[in-house]
Amino acid sequence: MKFTCKIKNLDAYLLILHNGVFDQKSIRHFAPPKGVKIIPCRDTRPCVSTENTGNFRIEITPNTIVEKPLQLINVIDTVEPLDVVHAFEIVVGQGSSLSLIHCDESMNNVKNTIQTNVSIELKSHSSLQYYNLQNINNHSTLNNQTEVKQHEHSRLISHTYTLNGKILNKHQHIDFTEEYANSDVQGLYLLDKNQDCFHRIRLNHNQPNGRSNQLFKGILDDSARAHFEGYVFVEKHAQKTEALQNNKNLLLTDKANVQTHPFLEIYADDVKCSHGATIGQLDEDALFYSRTRGIPEKQAKTLLMYAFAHDVVRNVHLEPLREYLENLIKRRLNGENITCENCVFSCVR
Amino acid sequence: MLTIKNLHANIGEKEILKGLNLQVNAGEVHAIMGPNGTGKSTLASVVAGREKFIVTQGSITFNGKNLFDLSVEERAAEGIFIGFQYPVEIPGVSIANFMRTAVNEQRRYRGLDPMPIFEFQAMMEEKQKIVELTDKLAGRSVNEGFSGGEKKKNEIFQMAMLEPKLAILDETDSGLDIDALRIVANGVNKLKRPDNATVVITHYQRLLDYIVPDFVHIMYDGKIVKTGDKTLALELEDKGYDWIKS
């Protein structure tokens, strides 16, 4: 079985999981670049101790700049409805950097529950760009749990995109265990029909001089529902913390529903923290202005929605991935069905 | 080209336009002057097709077509351009993308193929010179973070790109310093052709030092109360609006 994920022009190291289980052939064919180790958990200290061979650890040895991104695809094609579970751990060594694209991809319409547990440790002066995409069918549920531990001067850029799936739970828990940790945590959800999406972000500023920026945006059509919970916790001695949080939503119908809950718990007194949450409709003035230039209402709406969404996508550093996402979002906003049902753009066998 | 007869328009219960008449022909430049709150901007909005203004009486025809049968975007594609007093900021939509969509949608309406990308880029470069805007313009979001002067220059730039038959420029001179005013006015003059027409709505005579009108109309209480040539603007400057009110 051979899968290729069609992100045009993306030159990446590819790792495949098949229904949550490590594809042994894939790992045998995988020639990791210098400084990158993929260790199935059963061969090492238990990361998540189960028999499931989908559990593994990615280790980046100190002072390694991994030039090409690593792309991890969990291909799901069970015949019967199943719980598909996989877990992995990433340790980015001191002074190292890595880009990781992680996608869960349905190949059929079987109603699955997909559970993904990701544990990330960023050693001092390391950096990770973590892009979490999913392209599961619109019957399936995804539970995604990400835990991050950040050491001194480490840098995290995390993006999560939610376009498909029935119920999507995305929980991210980030701990700053040393000073000068830096995190950009972003997400975009485009939902319609009866999709249901829940983001829960917990960002713990346990040490001074940390910086974090959360940006989550969503567009909801039909009777889609979204829930955003953003916790920011600043310890008493975590002075000079800068923590920003923003959750913006566009509702296209009366039936769509958004709940947004910012929670800020701040015990230090020399900090810069802010949060904002908006739920609104498209800007009528901008719509009218566009129409006076000859842009029909439907196209004008798409243009404005795209601009709203692009605010997140523009921060994607990998250009081929950014282009891929831009295209995906354009098509999604034009009402195209972009799930893997037809496998037009996505993983092909 | 544009014929407005006995136009009455309301916002909510309030009547703003109270029987306005105006005839604009190809090749002409008209100026509409008048004190605040007399309905100058409402006139521009009604021609553009803004829904919140309700036309209760009268007619507007544009090149033989009943304007009220056309949507906002169709009016634009028929060749009507509105330069706004307060251009809207559209974060995230680049000017290049905005204009390319507008140009191609108007072309589609006229039964033309989309403009080839290289031709479009060349056109962008050429037209932004008219209002002395820099090359960096294309990538910037529409009006976002623009100074007052840049916003107005951007309006004239869009007018240049869309090549309308009729341009209605609403208070294009407001908030401009003298240099920006000169650039904006020169832009309008460069775009003047025998087959198009311009209506400038303004408070002050100073714009008319740069854009010389064939006709000057004075608007008061929802109607045009006086029409003359460019000397009327000078007379108005001299005597003030109280002269009209009495």
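Residues numbered from 1 in each chain as written. Chains lettered and ligands numbered in written order. Predicted model: local features only at pLDDT ≥ 70, side-chain atom pairs only at ≥ 80, totals over all residues. Heavy atoms only, no water.

**Some thoughts on the overall build of chain A**
So, step 1. For chain A, the count of helices and strands is four helices and 21 strands.
So, step 2. Residue burial in chain A is summarised as follows: out of 349 residues, 57% are buried.
So, step 3. Nonlocal contacts in chain A, meaning residues at least 24 apart in sequence, comprise 81% of its contacts between residues at least 6 apart. (Helix = DSSP H or I, 4+ residues; strand = E, 2+ residues; numbered from the N terminus. Buried < 20%, exposed > 50% of the residue type's maximum accessible area, 1.4 Å probe, protein only. Contact = heavy atoms within 4.5 Å.)

**A closer look at the overall build of chain B**
So, step 1. What chain B contains, in helices and strands, is eight helices and twelve strands.
So, step 2. Expected size for 246 residues packed as a compact globule is a radius of gyration near 18 Å; at 18 Å, chain B falls within 12% of this value.
So, step 3. By principal-axis analysis of the C-alpha atoms, chain B measures approximately 55 × 40 × 35 Å.
So, step 4. For chain B, the residues scored as buried account for 55% of the 246 residues in total.
So, step 5. Across chain B, contacts joining residues at least 24 apart in sequence account for 69% of those joining residues at least 6 apart.
So, step 6. Accessible area for chain B stands at about 11000 Å²; split by element, carbon and sulfur atoms hold 49% of it.
So, step 7. Averaging the positions of the 30 positive and the 34 negative side-chain charges in chain B gives two centres separated by 1 Å. (Rg over C-alpha atoms; globule rule 2.2 N^0.38 Å. Areas by Shrake-Rupley, 256 points an atom, 1.4 Å probe, with all protein chains shown as cover. Lys, Arg positive; Asp, Glu negative; His and termini not counted. Charge placed at Lys NZ, Arg CZ, Asp CG, Glu CD.)

**Topic: the pairing of strand E13 (residues 167-176) of chain A**
All names here are of chain A.
So, step 1. Most of E13 is tucked away, with seven of its ten residues classed as buried.
So, step 2. Where E13 and strand E15 (residues 196-205) come together, ten bridges link them in parallel fashion. Pairing of Asn169 across the sheet is with Phe198, part of E15. (Pairing = 2+ DSSP bridges.)

**Some words on unusual backbone geometry**
So, step 1. The backbone of Lys240 of chain A shows a phi angle near 60 degrees, a positive value even though the residue is not glycine.
So, step 2. You can see Lys240 of chain A is positioned in the loop between strand E17 (225-234) and strand E18 (242-251).
So, step 3. The phi dihedral of Glu163 of chain B falls on the positive side, at around 45 degrees, and the residue is not glycine.

**Some remarks on the interface of chain B and chain A**
So, step 1. In this complex, chain B contributes 31 residues to the contact, which on the side of chain A involves 18 residues.
So, step 2. Regarding the contact of chain B and chain A, the summed buried area is about 2000 Å², with carbon and sulfur atoms giving 64% of it.
So, step 3. Three residues, Arg50, Glu73 and Val88 of chain B, lead the burial of chain B against chain A; their summed loss comes to 27% of the area buried on that side.
So, step 4. Connecting chain B to chain A are four salt bridges.
So, step 5. One salt bridge connects Asp285 of chain A with Arg50 of chain B, and the closest N-O pair in it is separated by 3.0 Å.
So, step 6. For the pair chain B and chain A, the number of links is twelve residue pairs in polar contact (both at pLDDT 80 or more).
So, step 7. Of all the secondary structure elements, the ones that give two or more residues to the side of chain B that touches chain A are helix H2 (72-78), strand E6 (80-83), strand E7 (90-94), helix H3 (95-109) and helix H5 (148-162) of chain B.
So, step 8. Element by element, the count of residues in the side of chain B that touches chain A is highest for H3 of chain B, at eight residues.
So, step 9. Of the residues that constitute the side of chain B that touches chain A, the class distribution is 17 nonpolar, eight polar and six charged. (Buried area = accessible area lost by both parts, 1.4 Å probe. Salt bridge = Lys/Arg side-chain N within 4 Å of Asp/Glu carboxyl O. Polar contact = N/O pair within 3.5 Å; in protein donor to acceptor, adjacent residues only side chain to side chain. Nonpolar A, V, L, I, M, F, W, Y, C, P; charged D, E, K, R; others polar.)

**Some thoughts on the state of the cysteines**
So, step 1. Per the stated rule, a full pass over the model turns up zero disulfides over all chains.
So, step 2. With no disulfide of its own, Cys197 of chain A lies 17 Å from the sulfur of Cys103 of chain A, the closest cysteine sulfur. (Disulfide = S-S within 2.5 Å.)

**So, the pairing of strand E9 (residues 113-122) of chain A**
Residue and element names in this part refer to chain A.
So, step 1. Side chains of E9 alternate between two faces, with Ile114, Thr116, Val118, Ile120 and Leu122 buried and Thr113, Gln115, Asn117, Ser119 and Glu121 left unburied.
So, step 2. As judged from the ten bridges shared by strand E7 (residues 83-92) and E9, these two strands associate in the parallel manner. Counterpart to Phe88 in the pairing with E9 is Val118.
So, step 3. Summarising the sheet, E9 and strand E11 (residues 141-150) pair through ten bridges and their orientation is parallel. Opposite Asn117, over in E11, you have Gln145 as the bridge partner.

**Notes on the nonpolar core**
So, step 1. Leu321 of chain A together with Met99 and Leu166 of chain B are the most contacted members of the largest nonpolar core, which totals 121 residues.
So, step 2. Tallying contributions element by element places helix H3 (residues 297-313) of chain A first for this core, with ten residues.
So, step 3. Both of domain 1 (1-173 + 316-349) and domain 2 (179-280) of chain A provide at least three residues apiece to this core.
So, step 4. Here Met99 of chain B is in contact with Arg293 of chain A together with Phe120, Met124, Phe157, Gln158, Met161 and Leu162 of chain B, once residues within four sequence places are set aside. (Core = buried A, V, L, I, M, F, W, Y, C linked by side-chain atoms within 4.5 Å. Domains from an automatic or database assignment.)

**A look at the domain arrangement of chain A**
Residues and elements named next belong to chain A.
So, step 1. Per the domain assignment, the segments making up chain A are domain 1 (1-173 + 316-349) and domain 2 (179-280).
So, step 2. The interface is formed by 28 residues belonging to domain 1 together with 27 residues belonging to domain 2.
So, step 3. Regarding the contact of domain 1 and domain 2, the summed buried area is about 2300 Å², with carbon and sulfur atoms giving 45% of it.
So, step 4. Linking domain 1 with domain 2 are two salt bridges.
So, step 5. The closest approach of N and O atoms between Arg155 and Asp184, which form a salt bridge, is 2.8 Å.
So, step 6. The interface formed by domain 1 and domain 2 holds 29 residue pairs in polar contact (both at pLDDT 80 or more) in total.
So, step 7. Elements with a contribution of two residues or more to the side of domain 1 that touches domain 2: strand E12 (155-162), E13 and helix H4 (319-333).
So, step 8. When residues of the side of domain 1 that touches domain 2 are assigned to their parent elements, the largest contribution, eight residues, is made by E12.
So, step 9. Across the side of domain 1 that touches domain 2, the residue classes break down as eight nonpolar, 15 polar and five charged.

**Observations regarding the sheet that holds E12 of chain A**
Residue and element names in this part refer to chain A.
So, step 1. As summarised here, the arrangement of the ten strands in space is E3-E2-E6-E8-E10-E12-E14-E16-E18-E20, forming an open sheet in which the pairing is mixed. With one partner strand each, in any of the chains shown, strand E3 (21-22) and strand E20 (272-280) form the two edges of the open sheet.
So, step 2. Two elements, strand E2 (residues 13-18) and strand E6 (residues 70-76), share six bridges in a ladder whose sense is parallel. Among the inter-strand pairings, Leu17 is bridged to a residue of E6, identified as Asn74.
So, step 3. Where H4 meets the sheet, its contacts fall on strand E8 (97-106), strand E10 (127-135), E12, strand E14 (182-191) and strand E16 (211-220), and the angle it forms with E14 comes to roughly 30 degrees. (Axes fitted to C-alpha atoms, helices over the stretch in contact; angles between N-to-C directions.)

**With respect to the pattern of salt bridges**
So, step 1. Under the criterion given, the structure shown has 26 salt bridges over all chains.
So, step 2. Of the charged contacts, one joins Arg291 of chain A and Glu73 of chain B as a salt bridge, the two residues approaching to 2.6 Å between their closest N and O atoms. Of this pair, Arg291 of chain A sits in helix H2 (residues 284-292) while Glu73 of chain B sits in helix H2, placing the two residues on different chains. Comparing Arg291 of chain A with Glu73 of chain B, the two get one shared label, buried.

**What to know about the environment of Val118 of chain A**
Residue and element names in this part refer to chain A.
So, step 1. Residue position: Val118 is located in strand E9.
So, step 2. Taking relative accessible area as the criterion, Val118 reaches 3% and is therefore assigned buried.
So, step 3. Note: C-alpha distance between Val118 and Leu251 (133 residues apart in sequence) is 31 Å.
So, step 4. Among residues more than four places away in sequence, those in contact with Val118 are Phe88, Ile90, His102, Tyr130, Gln145, Thr146 and Glu147.

**Thoughts on the sheet that holds strand E2 (residues 14-24) of chain B**
Residues and elements named next belong to chain B.
So, step 1. Across the sheet, four strands lie side by side as E2-E1-E4-E5; this open sheet has antiparallel pairing. Since the sheet does not close on itself, it has two edges, and those belong to E2 and strand E5 (65-66), each with one partner.
So, step 2. Relative to strand E4 (residues 53-62), strand E1 (residues 2-11) runs antiparallel, the two sharing eight bridges. In the strand pairing of E4, Asn10 is matched with Ile54.

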